[in-house]
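So the chains spell out like this:
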Amino acid sequence: MREGIGGIQLFLIVVILVLIFAGIMSLTINHSNAFAIKDQLVSIIEDAGGLDITAECRLGDCNDDIKDQQTLQNIVDALDSYSYRQTGNCDSITVSDTATMVGYQRTGEITMTGKKSSFCIAKIDANKDDGTLRGYYYKVYVFYQLDIPVLHSIFNFRSIGETKLLYR
């Protein structure tokens, strides 16, 4: 009987080690994918010279400019090319008081408050010491998860990228 219990315990140890290894591999692959997407989104926003993100965006009333629509289409194309499907909560992200945060779905549509987003973009004012506006910079938030087989998503992480200072 001792040999039977030892075999089962050894089998459980092997199963646990395989699950841990699969989780670490999943985390590494998801992090790599999120990092590449974040860099791509930052490059798209910098090349476009920014994106119209105002307080009205939370109500879905923005990005009407043709340039902004093209920028969002480039972002959607980048998400599709990387097969990005992760989501996260933009409401839990805290940014400065002068920032406007907007969450987007994979299709480029704005997500409303309380809903999960594929990525978030924050437009932050860059002020001089005397308070005058110098320009803007953007923070891009992309999500990735620790997916362990059988247990699925356990932890949700985010990758953050910043654009250079843009004068729009």
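Going by the structure above, here's the rest.
Nothing here was measured: the structure is a model prediction, and the numbers come from that model.

Caption draft 1: Representation of unusual backbone geometry within the structure. Its identity as a non-glycine residue notwithstanding, Ser-83 has a phi of 55°, on the positive side. Its place among the elements puts Ser-83 in the loop between α2 (66-81) and β1 (88-89).

Caption draft 2: Spatial organisation of a nonpolar patch on the surface. Taken together, the side chains of Ile-13, Ile-16, Leu-17, Ile-20 and Ile-24 present a nonpolar region at the surface, about 480 Å² in accessible area. Its location among the elements puts Ile-16 in helix α1 (residues 2-48).

Caption draft 3: Focus on the environment of Gln-105. With respect to the secondary-structure elements, Gln-105 resides in the loop between β2 (100-104) and β3 (116-117). A relative accessible area of 32% means that Gln-105 is categorised as partly exposed. Each C-alpha atom of the pair Gln-105 and Val-76 lies 8.9 Å from the other, and the pair is 29 residues apart in sequence. Here Gln-105 is in contact with Thr-111, Ser-118 and Phe-119, once residues within four sequence places are set aside.

Conventions adopted
Residues numbered from 1 in each chain as written. Predicted model: local features only at pLDDT ≥ 70, side-chain atom pairs only at ≥ 80, totals over all residues. Heavy atoms only, no water. Helix = DSSP H or I, 4+ residues; strand = E, 2+ residues; numbered from the N terminus. Patch = residues over 30% accessible without salt bridge, like charges linked within 9 Å, V, L, I, M, F, W, Y side chains within 5 Å. Areas by Shrake-Rupley, 256 points an atom, 1.4 Å probe, with all protein chains shown as cover. Salt bridge = Lys/Arg side-chain N within 4 Å of Asp/Glu carboxyl O. Buried < 20%, exposed > 50% of the residue type's maximum accessible area, 1.4 Å probe, protein only. Contact = heavy atoms within 4.5 Å.

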